[in-house]
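Notes for the structure review
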Amino acid sequence: MFTVSTLLADPTGFSEPAPSPLLLLGQGRDLASERGVECPGDLPAASDPDLVDRAHAARAALGERAFVLGHHYQRDEVIDFADVTGDSFKLAREAAARPEAEFILFCGVHFMAESADILTSDRQQVVLPDLAAGCSMADMAAINQVEEAWAVLQDAGVADSTLPVTYMNSSAAIKAFTGRHGGTVCTSSNAEVALRWAFDQVGGVDGTGKVLFLPDQHLGRNTAVLQLGMSLDECVVFDPRKPNGGLTDQELRDARMILWRGHCSVHGRFSEQNVTDIRAAVPGINVMVHPECKHEVVTAADHVGSTEYIIKQLEAAEPGSAWAVGTELNLVRRIAKAHPDKQVHYLDSTVCFCSTMNRIDLPHLVWAMESLVEGRMVNRIVVDADDAHWARVALDQMLALPGI
């Protein structure tokens, strides 16, 4: 474990937290419980001295036939080969805007690659370099659980006045469920706009209608309370592991926001104590966090916003200013490197990479690109046609929202 004093050993710049004893960065394997970790072919060794040269050669050989997308939380070794970097929705849209690209290599996680498959043309093929690159938050909402939850809402007599809104960080099946029931997708950037639209469909923010928000309870709660003016008492958490979601019919009738019991394993780690400690260690520091953080962390911070918001805030910050950032460490480290004239600190005192995102490393990217060069399609992500249709309905509804 690491203390804040260790983290802030160099008060004039970014101090890299020491490694944790946990399995990080996709290192270590449990083949009995994981799928997609092994590749049907020879995976290059991470120690291969020619790995970078092989990556450049494969990328050059693919040329405009391939388009490589890199999420902000990816390792630098992968980002170095990305044609575009961004958040999940930006990358999916960028893929759709490249109809000439035959292959979309999505260096992100599974739900992101699904969204790219939904938004791109039938002639384009989306590849996820490692199928083990999933998202724990997205996996917290299985389609059978959500359908059972909807049945609970029907039995309680509130389904007709409830609209589903799903975060972009969800499976194609959940997006399709949302589309079938007239809802919309949202991102961390447009959650307020999406929720206002959803409530307008069921009587308005000041009415009695409800939103079922999937799968991240924290983004839903923070948006409803801090941006829509609702109270914490109007937000209830539906736990799919408990009978009736752990709620009474009356609690469901009284609620305005029915929050799915899901969270991000990275952003959920940040605590109010982290904020207190960093303020004590660096007087006058600006604390900036992602809205997937817990409510008490968000209310204790100075700035709250998406990954794109965080990047832009640091770009516009005054030289010499001090910032503590509560989001994935790869991004914070990259921001710190890009702004040596500012003090950038990681909010937590211990390391927490997005371990599933980090499953995609340079060996997997090289293996995927070399396979395509040799004419072998690997790890293609294909969404069921019916799910793709209804997920596209929900995504198109988001695209129709003002300000998108």
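Given the structure is predicted, the values throughout are model-derived calculations rather than measurements.

Here we look at the overall build of the chain
Helix and strand content of the chain: 17 helices and 13 strands. The proportion of buried residues among the 404 residues of the chain is 56%. Per element, the accessible surface of the chain, about 16600 Å² overall, is 49% carbon and sulfur.

Examining unusual backbone geometry
Proline 215 follows leucine 214 through a cis peptide bond whose omega is -20°. If you trace the backbone, proline 215 turns up in the loop between strand E7 (210-214) and helix H10 (217-226). Positive phi, normally seen in glycine, also occurs at asparagine 244, with a value near 60°. As for its position among the elements, asparagine 244 is in the loop between strand E8 (235-238) and helix H11 (249-254). Its identity as a non-glycine residue notwithstanding, asparagine 379 has a phi of 50°, on the positive side.

Quick word on the nonpolar core
One recurring pattern in soluble globular proteins is that nonpolar side chains are buried together. Counting residues in hydrophobic clusters, the biggest one holds 112 residues, and the most contacted among them are Leu105, Phe213, Met257 and Val287. Considering every element that reaches this core, the biggest residue donor is helix H16 (residues 362-373), with 7 residues. Excluding its chain neighbours within four sequence positions, the residues that come into contact with phenylalanine 213 are Val165, Cys186, Leu195, Leu219, Gly220, Met257, Ile258, Leu259 and Trp260. Counting 20 residues, the second largest nonpolar core, distinct from the first, contains Val152, Leu212, Ile258 and Trp260.

Re H16
A rise of 1.5 Å per residue sets the reference length of H16, with its 12 residues, at 16 Å; its end C-alpha atoms lie 16 Å apart and thus fit the reference within 8%. In terms of residue burial, H16 counts as a mostly covered element, since 10 of its 12 residues are buried. When we look at burial in H16, the residues that qualify are Leu362, Pro363, His364, Leu365, Val366, Trp367, Ala368, Met369, Ser371 and Leu372. Just beyond H16, the residue with positive phi is glycine 375, at close to 90°.

Quick notes on the packing of aromatic side chains
Aromatic ring pairs: the centre-centre distance and the angle between the two ring planes describe each pair. On inspection of all chains with the given rule, the structure shows 3 aromatic pairs. For the ring pair tryptophan 150 and phenylalanine 177, a centre distance of 5.7 Å and an interplane angle of 80° mean the geometry is edge-to-face. Here tryptophan 150 is found in helix H7 (residues 143-155), whereas its partner phenylalanine 177 is found in helix H8 (residues 172-180), with 27 residues between them in sequence. When the ring of phenylalanine 238 is compared with that of tryptophan 260, the centres are 5.7 Å apart and the planes differ by 15°; the resulting orientation is stacked. Linking phenylalanine 238 in strand E8 with tryptophan 260 in strand E9 (residues 257-260), this pair joins segments that are 22 residues apart in sequence. We classify tryptophan 260 as buried; its relative accessible area is 0%.

Details of the packing of helix H4 (residues 88-96) against helix H5 (residues 110-119)
In contact at an axis separation of 8 Å, H4 and H5 are set at 35° when each is read in the N-to-C sense. Of the two elements, H4 crosses H5, and the hand of that crossing is right-handed. Contact residues: H4 offers Ser88, Phe89, Ala92, Arg93, Ala95 and Ala96, while H5 offers Phe111, Met112, Ser115, Ala116 and Leu119. Taken together, the residues that form the contact of H4 with H5 break down as 8 nonpolar, 2 polar and 1 charged.

Quick word on helix H9 (residues 191-201)
Listed in full, the buried residues belonging to H9 are Ala191, Ala194, Leu195, Trp197, Ala198 and Phe199. Looking at the buried side of H9, the elements it contacts are strand E5 (162-167), strand E6 (184-186), E7, H10, E9 and helix H17 (385-399). Positive backbone phi, approximately 110°, marks glycine 203, located one or two places after H9.

Observations regarding the environment of glycine 220
Counting through the fold element by element, glycine 220 comes out in helix H10. Residues contacting glycine 220, with those up to four places away along its chain left out, are Leu195, Phe213, Met257 and Leu259.

A look at the sheet that holds strand E2 (residues 84-86)
Spatially, the 4 strands line up as an open sheet ordered E2-E1-E3-E4, and their pairing is parallel. Either end of the sheet is taken by a strand with one partner, and the two such strands are E2 and strand E4 (125-127). Across the sheet, the axes of successive neighbouring strands diverge by a mean angle of 25°, strand direction being ignored. Both strand E1 (residues 66-71) and E2 contribute to a ladder of 3 bridges, which runs parallel. Counterpart to glycine 70 in the pairing with E2 is threonine 85.

Observations concerning the pairing of strand E3 (residues 103-107)
The buried count for E3 comes to 5 of 5 residues, which makes it a mostly enclosed element. Neither face of E3 is exposed, since Phe103, Leu105 and Cys107 on one face and Ile104 and Phe106 on the opposite face are all buried. Sheet topology note: the E1/E3 ladder contains 5 bridges and is parallel. Bridge assignment links leucine 69 to a residue of E3, and that residue is phenylalanine 106. For E3 and E4, the ladder comprises 3 bridges, and the chain directions are parallel. Directly across from leucine 105, in E4, lies its bridge partner valine 127. With H5 bridging E3 and its parallel neighbour E4, the resulting β-α-β unit is right-handed.

Each value, and the rule that gives it
Residues numbered from 1 in each chain as written. Predicted model: local features only at pLDDT ≥ 70, side-chain atom pairs only at ≥ 80, totals over all residues. Heavy atoms only, no water. Helix = DSSP H or I, 4+ residues; strand = E, 2+ residues; numbered from the N terminus. Buried < 20%, exposed > 50% of the residue type's maximum accessible area, 1.4 Å probe, protein only. Areas by Shrake-Rupley, 256 points an atom, 1.4 Å probe, with all protein chains shown as cover. Core = buried A, V, L, I, M, F, W, Y, C linked by side-chain atoms within 4.5 Å. Contact = heavy atoms within 4.5 Å. Expected span 1.5 Å × (residues − 1). Phe/Tyr/Trp six-rings, centres within 6.5 Å; stacked < 30°, edge-to-face > 60°. Axes fitted to C-alpha atoms, helices over the stretch in contact; angles between N-to-C directions. Left-handed = near helix turned anticlockwise from the far one by under 90°. Nonpolar A, V, L, I, M, F, W, Y, C, P; charged D, E, K, R; others polar. Pairing = 2+ DSSP bridges. Right-handed = clockwise from strand over helix to strand, strands pointing away.

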